[in-house]
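# Fold and contact review
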Amino acid sequence: MDILLGQVLRFTADPFTAGPDAMQVDEALAIHEGKIIAVGAADALRAAYPAARTRDYGAQVISAGFIDAHVHYPQTAIIASWGKRLIDWLNTYTFPEEMRFNDPAYAQMIAARYFDLALAHGTTTMCSFATIHPASVDAFFAQAQARGMRALTGKTCMDRNAPDGLRDTAQSAYDDSKALIARWHGVDRLGYVITPRFSPTSTPDQLSALGALWGEHPDCLMQTHLSEQTDEIEWVRGLFPTARDYLDTYEMHGLLGPNALYGHAIHLEARERDRILETGAAMVHCPTSNTFIGSGLMDLAALKAKGHRIGLATDTGGGSSFSMLRTMAAAYEIGQLKGRPLHPAELWWLATQGSAQALNLGDKIGNIEVGMEADLVIIDLKSTPAIAQRNAQAGDIFEAIFPTIMMGDDRAITDVWINGKNRTAP
Ligand code: GUN
Ligand code: ZN
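## A word on empty space enclosed by the protein
For the coordinates displayed, the defined rule picks out 3 cavities of 30 Å³ or more. In this structure, the largest cavity encloses a volume near 90 Å³. Counting residues per element, the lining of the largest cavity draws most heavily on helix H3 (residues 86-99), which supplies 3 residues. Looking at the lining of the largest cavity residue by residue, the classes come out as 5 nonpolar, 5 polar and 3 charged.

## Section: the packing of helix H13 (residues 324-337) against helix H16 (residues 397-407)
It is the contact of H13 with H16, at a shortest axis distance of 6 Å, that shows an interaxial angle of 95 degrees. Viewed along their axes, H13 and H16 adopt a mutual orientation that is roughly perpendicular. From H13, Leu 325, Arg 326, Met 328, Ala 329, Tyr 332 and Glu 333 reach across to H16, where they touch Phe 402, Thr 404, Ile 405 and Met 406. Partitioning the contact of H13 with H16 into residue classes produces 7 nonpolar, 1 polar and 2 charged.

## Focus: the pairing of strand E13 (residues 309-312)
Where burial is concerned, the two faces of E13 agree: the one with Arg 309 and Gly 311 and the one with Ile 310 and Leu 312 are both buried. Note: strand E12 (residues 282-285) against E13, 4 bridges, orientation parallel. The partner of His 285 across the bridge, within E13, is Leu 312.

## Focus: the coordination of the zinc ion (ligand 2)
Every protein donor of the zinc ion (ligand 2) is accounted for by His 70 (NE2), His 72 (NE2), His 225 (NE2) and Asp 315 (OD), and the metal-donor separations fall at 2.0 to 2.5 Å. All donors to the zinc ion (ligand 2) come from one chain, and their sequence spacing reads H-x1-H-x152-H-x89-D. Of this pair, His 225 sits in strand E10 (residues 221-226) while Asp 315 sits in the loop between E13 and H13, and the two are 90 residues apart along the sequence. On the accessibility criterion, Asp 315 (4% relative accessible area) is buried.

## A few points about the layout of surface pockets
Taken as a whole, the largest pocket spans an internal volume of roughly 230 Å³. Lining the largest pocket we find 16 residues, and of these Arg 150, Leu 152, His 185, Gly 191 and Leu 361 sit closest to its centre. Tallying contributions element by element places strand E9 (residues 190-196) first for the lining of the largest pocket, with 3 residues. When its residues are assigned to classes, the lining of the largest pocket shows 7 nonpolar, 5 polar and 4 charged.

## Some remarks on the site of ligand 1
As a matter of local geometry, ligand 1 sits amid 13 residues, with His 72, Gln 75, Arg 197, Glu 228 and Asp 315 nearest to it. Contact between ligand 1 and Arg 197: an oxygen atom at 2.7 Å from a side-chain N or O atom of the residue. Within the side chain of Glu 228, an N or O atom sits 2.7 Å from a nitrogen atom of ligand 1. Here ligand 1 has 280 Å² of accessible area as a free molecule, and 100% of this is covered by the chains. Among the cavities detected, the one that contains ligand 1 is the largest cavity. Among the elements that line the shell around ligand 1, the one with the most residues is H3, at 3 residues. Of the residues belonging to the shell around ligand 1, the class tally is 5 nonpolar, 5 polar and 3 charged.

## Focus on the sheet that holds strand E1 (residues 2-11)
If you walk across this open sheet you meet the 7 strands as E3-E2-E1-E4-E14-E15-E16, and the pairing is mixed. Two strands in the sheet have a free side with no partner beyond their single neighbour: strand E3 (35-40) and strand E16 (421-423). The mean angle between the axes of side-by-side strands here comes to 40 degrees, regardless of whether they run parallel or antiparallel. Two strands pair when backbone bridges link them, and strand E15 (residues 413-418) and E16 are joined in this way by 3 bridges, in the antiparallel orientation. Bridge pairing in E16 places Trp 417 opposite Asn 422. Each of E15 and E16 touches helix H4 (residues 104-120); the most contacted strand, E15, lies at about 115 degrees to it. Most of the contacts of H16 go to strand E2 (residues 23-32), to which it runs at about 75 degrees, and overall it touches E1, E2, strand E4 (53-64) and strand E14 (376-379).

## Structural notes on the pattern of salt bridges
For the coordinates displayed, the defined rule picks out 26 salt bridges. Asp 2 is the partner of Arg 53 in a salt bridge, and the nearest nitrogen-oxygen pair spans 3.0 Å. Taken as a pair, Arg 53 in strand E4 and Asp 2 in strand E1 lie far apart in primary sequence, 51 residues in all. Of the residues examined, Arg 53 reaches a relative accessible area of 57% and is grouped as exposed. The residue Asp 168 makes a salt bridge to Lys 155 at a minimum N-O spacing of 2.6 Å. Linking Asp 168 in the loop between strand E8 (156-157) and helix H6 (170-184) with Lys 155 in the loop between strand E7 (151-154) and E8, this pair joins segments that are 13 residues apart in sequence. Note on Asp 168: relative accessible area 9%, which makes it buried.

## Observations concerning the packing of helix H14 (residues 344-358) against H16
It is the contact of H14 with H16, at a shortest axis distance of 9 Å, that shows an interaxial angle of 60 degrees. Classified by the angle between their axes, H14 and H16 sit oblique to one another. Between H14 and H16 lies a crossing of left-handed hand. Contacts between H14 and H16 involve Pro 344, Ala 345, Leu 347 and Trp 348 from the first element and Phe 398, Ile 401, Phe 402 and Ile 405 from the second. Within the contact of H14 with H16, the residues separate by chemical class into 8 nonpolar, no polar and no charged.

## Quick word on the environment of Ser 136
Along the polypeptide, Ser 136 turns up in helix H5 (residues 134-146). Note on Ser 136: relative accessible area 0%, which makes it buried. Put simply, Ser 136 and Pro 196 are 60 residues apart on the chain and 15 Å apart in space, counted from C-alpha to C-alpha. Setting aside its immediate chain neighbours within four residues, Ser 136 contacts Tyr 73, Phe 101, Ala 107, Ala 130 and Thr 131.

The rules behind these values
Residues numbered from 1 in each chain as written. Chains lettered and ligands numbered in written order. Predicted model: local features only at pLDDT ≥ 70, side-chain atom pairs only at ≥ 80, totals over all residues. Heavy atoms only, no water. 1 Å grid on protein atoms, 1.4 Å probe; cavity = no way out; pocket = protein on both sides within 12 Å on 5 of 7 lines; lining within 4 Å. Points joined across faces, edges and corners; volume = space filled by probe spheres on them. Helix = DSSP H or I, 4+ residues; strand = E, 2+ residues; numbered from the N terminus. Nonpolar A, V, L, I, M, F, W, Y, C, P; charged D, E, K, R; others polar. Axes fitted to C-alpha atoms, helices over the stretch in contact; angles between N-to-C directions. Parallel < 35°, antiparallel > 145°, perpendicular 65-115°, else oblique. Contact = heavy atoms within 4.5 Å. Buried < 20%, exposed > 50% of the residue type's maximum accessible area, 1.4 Å probe, protein only. Pairing = 2+ DSSP bridges. Donors = N, O, S within 2.8 Å, 3.2 Å for Na, K, Ca; no water. Near = heavy atom within 4 Å. Polar contact = N/O pair within 3.5 Å; in protein donor to acceptor, adjacent residues only side chain to side chain. Areas by Shrake-Rupley, 256 points an atom, 1.4 Å probe, with all protein chains shown as cover. Sits in = over half its atoms within 2 Å of the grid points. Salt bridge = Lys/Arg side-chain N within 4 Å of Asp/Glu carboxyl O. Left-handed = near helix turned anticlockwise from the far one by under 90°.

Here it is as structure tokens:
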């Protein structure tokens, strides 16, 4: 049993609806057998659990670990590749790199590198795309399992508009994905995600096959991309002449429902927004990617006000950072450009409980609450001289965390706990 002391930052509700006071600061929490068993005053917890080991983090923040709701671990090595928009970026940088995952040893090496980077940045759960190679899924899950993490991925299916060596078929996508579900879904804290890359790289037959597979495994998440760039949307219109809109290319093939996750979802039409809300599907905001690849500005606050479920994500390597702090900063900047500055409580919620809810895991991870899994990040609010001098002027917790949100990176992450076990961040 462990007691952790610090500024325990947690949420009693969604600050987008309940206001900033939904973020609360406590003094201590207690962990037993991987779970949070108590939160409250330090003296009360010490009295209740006198035999517990105590770890005092002083003025550092103790938060639920960050949750990256949409990432491409195979793109780790091509992050920050210059000068292309989406389709050219895929063809120039992404597909050649993903081809290298044909070699399982390369997949293992990049998966290990990715998990080390994610943990160093305080990310304790992620929902990743893999490549078309089943071994890329095995590599990811093996690394997550070795670290005891809750993690999700799926084989990224493509049977057209992708180069030789990076295409499967409708049947093999179905068969391989089904075998991977049997091998990994629900093992330890791992979850399989049915993953058509996006409509331009799947034939209607492949989308139907994956829709059928999802029908057989409705407890799996289904992730893909939606309405990221305007020329992509035009392309989809040409490829699916009978579809009402981009979302319909998924909907007509059984790929819309409460366990669906749509990355980007920037340039949506009214029907698409309405159907996503009606069916309870989630969107994922990828702000560093949306600026880096030049995709556009999602109006997150307006969507949240309508009741949409939205997670936050790096979208690495289309995104330009592994850091969910940097990702919060980019979400803030896009909010400013849309005329609605997101509050620090809202930003922190998006990176933790908001992403957890997008993954339909909000009852297990993404907050500090009795009964939840103890995946925690410890954050130094004075990690650089520039941040420290601004933090010294802070009048409340929101002002105290905002400089770290805007200027922080992996230097702010001093420790990580996974499933109740301490793992000093590499
Ligand atoms: N759309 C289809 N594939 C991708 C990808 O790998 N990254 C991004 N950002 N968008 C995509
Ligand atoms: Zn993506």
